[in-house]
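Survey of secondary and tertiary structure
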Amino acid sequence: MKEGSNKKIGEPIISVRGLTKTYGKLDVLRGIDEDIREGEQVAIIGPSGSGKSTFLRCLNCMEDPTSGSIIFEGVDIADRRVNINTHREHIGMVFQQFNLFNNKKVIDNITLAPIYVGKRNLRRAKLKNALRTIANLFRKNKKELIPITKTKKEIVLEARERAMELLRRIGLEEKATVYPSTLSGGQKQRIAIVRALAMNPKVILFDEPTSALDPEMVGEVLDLMRALANEGMTMVIVTHEMGFAREAADRILFIDEGQIKEQGTPAEVFDNPKNPRLQEFLSKVL
Amino acid sequence: MSVKENLFKRIGKAIGRFFKKHWIDLTVLACVIPPIVLLFDYIYDKFRFAKKIKIFYDQFIVNQGYERLLEGLKNTALIAVVGLMIGIVIGTVIAVIRVIRPTNRVIKYAHNIVGAYVALFRGTPIVVQLLVGYFLLLPIMKVQMDPVAACITIFGLNSGAYISEIMRGGINSVDPGQLEAARAVGMPYSTSMLKIVVPQAIKNILPTLGNEFIALVKETAVVGYVGAVDITTTFQYLASNSYEYMVPYLVMAIIYMVIVAVIAALVKLMERMLAKSERRQ
């Protein structure tokens, strides 16, 4: 726990149980049990090829787990019958290669998903209301209709307003109407983070967010992430930035050969490593 | 300014530029070609160009052959443009189906069906498809159909098979991270494809798509087989009416060349505009 920060770490928001993942004959993850708690920042470190990115991508089922369960808000999203899309709305993701939509302007990049989700929910509510109205004709105790508060236009306007607000926050509001190809790497990554934030996610997953950046642009992205951490956003970060992990994370997971070999607070892991593989890894990177 | 206005403005500018650049060449050509033709006429008696041109002129202007040509042009444009649109829709659907990994049985069946479709339409000549479709399938299904409408349908289905392969290449050329990012914000596969991947794919394949359109325009020359009036049948009619084949067929060739040149220029223009939208402003 950092000094001066008044964050509260709450209930587990993602619970991973017995997670394994195999590609053909290759075992990438071999049984991971882990809880990500609300409001905490977890940094995942480990040598390359250890499965840390795969683990992160399993958390929102970008990779389908081979076995095991991932419980997000009480629902096992690893189950194939669950509609994964409605849950992914609440799990933001930031990629190593930014992956901004090249054919959309910056502002549309940010508003695309909120507008899509808003319109879809509106459509669903209207359909449900229509069905309920018909069913109510035959019911004795009538069911109430879902209140519809926003029109499509309001959804769009609200999403744009929120996007501009977020852009103002990172100081890129004048870039709202340009295409991503005109931006620097650091700007792209900050907009990718903002794109994730626009959905008001419960947790954000970062997949090596600074690895593809020029050294001088790493700082601006880490600053934004630090600010988010101080606001109490739940974050899971795969990173090679040991300095950032030590300073901003509440907990460090060391993954090697598809298993969590050691975990603890930054002080425990960095200053007093017990696992010999971790000692070797740290001696190389620090 | 909207993209549409922009396009028209640019077309106007391009035409202006062309004449500004080439007006000397055009004048020289106009001054030089007729005397040369007449000279040939004078030297080699058997060509008799002037007489042939006169016959063609009578056929074309005096006997109102141009009305037929206008109808032919209209039909050719209709078949090519609407056929291409149908082809793009069908091709996109097939390509999207084909790039899904076959994880369950339904997708495997879908793959087999679209595979058979592509094999069928790529494996037979367009003339055969027209003949089978118009003289065999339509009577069997007891459908009365205008020849032009039948041609549009067959050409659409045919180009759909070719465009599906082009589009598949285009979709594969888009960075997979784009689809991943769209899925990660909670959009389903179909929406992600439609809003993010396919627009970028179309940008990548635009030159090839233009090529396909040009090929389509030229392929429409066979619609005479089922009784539709197009450019080719118009000139065939003019030629066989007067027993003079040289001038009508030469004019026909020139008309096709001009159409193709215009399409090529338009495709180039569109390409440049799309590329510009993503460059530094």
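Residues numbered from 1 in each chain as written. Chains lettered and ligands numbered in written order. Predicted model: local features only at pLDDT ≥ 70, side-chain atom pairs only at ≥ 80, totals over all residues. Heavy atoms only, no water.

A few words on the domain arrangement of chain B. Split by domain assignment, chain B resolves into domain 1 (3–46) and domain 2 (67–280). With centres defined by C-alpha atoms, the gap from domain 1 of chain B to domain 2 of chain B works out at 31 Å. (Domains from an automatic or database assignment.)

Let us look at helix H6 (residues 147–173) of chain B. For H6 of chain B, spanning 27 residues, the distance from its first C-alpha to its last is 38 Å, which sits close to the expected 39 Å at 1.5 Å a residue. The largest bend in H6 of chain B is about 25 degrees, located at Ala161 of chain B. (Helix = DSSP H or I, 4+ residues; strand = E, 2+ residues; numbered from the N terminus. Expected span 1.5 Å × (residues − 1). Bend = angle between axes of the 7 residues up to and from the residue.)

We now examine the sheet that holds strand E3 (residues 41–45) of chain A. Residue and element names in this part refer to chain A. Pairing is mixed across the open sheet formed by 6 strands, whose spatial order is E6-E7-E8-E3-E9-E10. Either end of the sheet is taken by a strand with one partner, and the two such strands are strand E6 (91–94) and strand E10 (259–264). Across the sheet, the mean angle from the axis of one strand to that of its neighbour is 20 degrees, orientation sign disregarded. Looking at chain direction, E3 and strand E9 (residues 251–256) are connected through 4 bridges and run parallel. When the sheet's bridge partners are listed, Ile44 is paired in E9 with Leu253. In this fold helix H1 (residues 52–59) packs onto E3, E6, strand E7 (203–207), strand E8 (234–238) and E9, with an angle of close to 150 degrees to the strand it touches most, E7. (Pairing = 2+ DSSP bridges. Axes fitted to C-alpha atoms, helices over the stretch in contact; angles between N-to-C directions. Contact = heavy atoms within 4.5 Å.)

This next bit is on the sheet that holds strand E4 (residues 67–72) of chain A. Residue and element names in this part refer to chain A. Reading across from one edge, E2-E1-E4-E5 is the order of the 4 strands in this open sheet, with antiparallel pairing throughout. The open sheet has two edge strands, strand E2 (26–37) and strand E5 (75–76), and neither has a second partner. Two elements, E4 and E5, share 2 bridges in a ladder whose sense is antiparallel. Considered in E5, the bridge of Phe72 is made with Val75. Lying on the sheet, H1 is in contact with strand E1 (12–23), E2 and E4; it crosses E1 at an angle near 125 degrees.

On the side of chain B, 22 residues touch chain A, which itself brings 27 residues to the contact. Between chain A and chain B, a total of about 2,100 Å² is buried, with carbon and sulfur atoms accounting for 55% of that surface. Per-residue buried area on chain A facing chain B is highest for Phe101, Asn103 and Tyr116 of chain A; these three make up 25% of the total on that side. For the pair chain A and chain B, the number of links is 1 salt bridge. Applying the counting rule to chain A against chain B returns 7 residue pairs in polar contact (both at pLDDT 80 or more). If you list the elements that add at least two residues to the side of chain A that touches chain B, you get helix H2 (84–88), E6 and helix H3 (106–136) of chain A. Looking at side-chain class alone, the side of chain A that touches chain B contains 13 nonpolar, 8 polar and 6 charged residues. (Buried area = accessible area lost by both parts, 1.4 Å probe. Salt bridge = Lys/Arg side-chain N within 4 Å of Asp/Glu carboxyl O. Polar contact = N/O pair within 3.5 Å; in protein donor to acceptor, adjacent residues only side chain to side chain. Nonpolar A, V, L, I, M, F, W, Y, C, P; charged D, E, K, R; others polar.)

Turning our attention to the nonpolar core. Core analysis: the largest hydrophobic core is formed by 42 residues, its most contacted members being Ile14, Leu19, Phe55, Leu59, Leu205 and Val236 of chain A. Residues within four places of Phe55 of chain A in sequence aside, it is in contact with Val16, Leu19, Leu29, Ile32, Glu34, Ile44, Leu253 and Ile255 of chain A. Listed in part, the 38 residues of the second largest apolar core include Val96, Ala201, Val223 and Val226 of chain B. (Core = buried A, V, L, I, M, F, W, Y, C linked by side-chain atoms within 4.5 Å. Buried < 20%, exposed > 50% of the residue type's maximum accessible area, 1.4 Å probe, protein only.)

We now examine the layout of surface pockets. All names here are of chain B. Counted as a void, the largest pocket has a volume near 1,300 Å³. For the lining of the largest pocket, the element with the highest residue contribution is helix H7 (residues 176–184), accounting for 4 residues. Of the residues contributing to the lining of the largest pocket, the split by class is 16 nonpolar, 3 polar and 11 charged. (1 Å grid on protein atoms, 1.4 Å probe; cavity = no way out; pocket = protein on both sides within 12 Å on 5 of 7 lines; lining within 4 Å. Points joined across faces, edges and corners; volume = space filled by probe spheres on them.)

Turning next to the packing of helix H2 (residues 49–62) of chain B against helix H9 (residues 231–242) of chain B. Residues and elements named next belong to chain B. Running from amino to carboxyl end, H2 crosses H9 at an angle of 125 degrees, the nearest separation of the two axes being 10 Å. The angle between the axes of H2 and H9 places the two elements in the oblique class. Like other packed secondary-structure pairs, H2 and H9 cross with a definite hand, here right-handed. Every residue of H9 that contacts H2 at Ile55, Phe56, Gln59 and Phe60 is listed here: Phe235, Leu238, Asn241 and Ser242. (Parallel < 35°, antiparallel > 145°, perpendicular 65-115°, else oblique. Left-handed = near helix turned anticlockwise from the far one by under 90°.)

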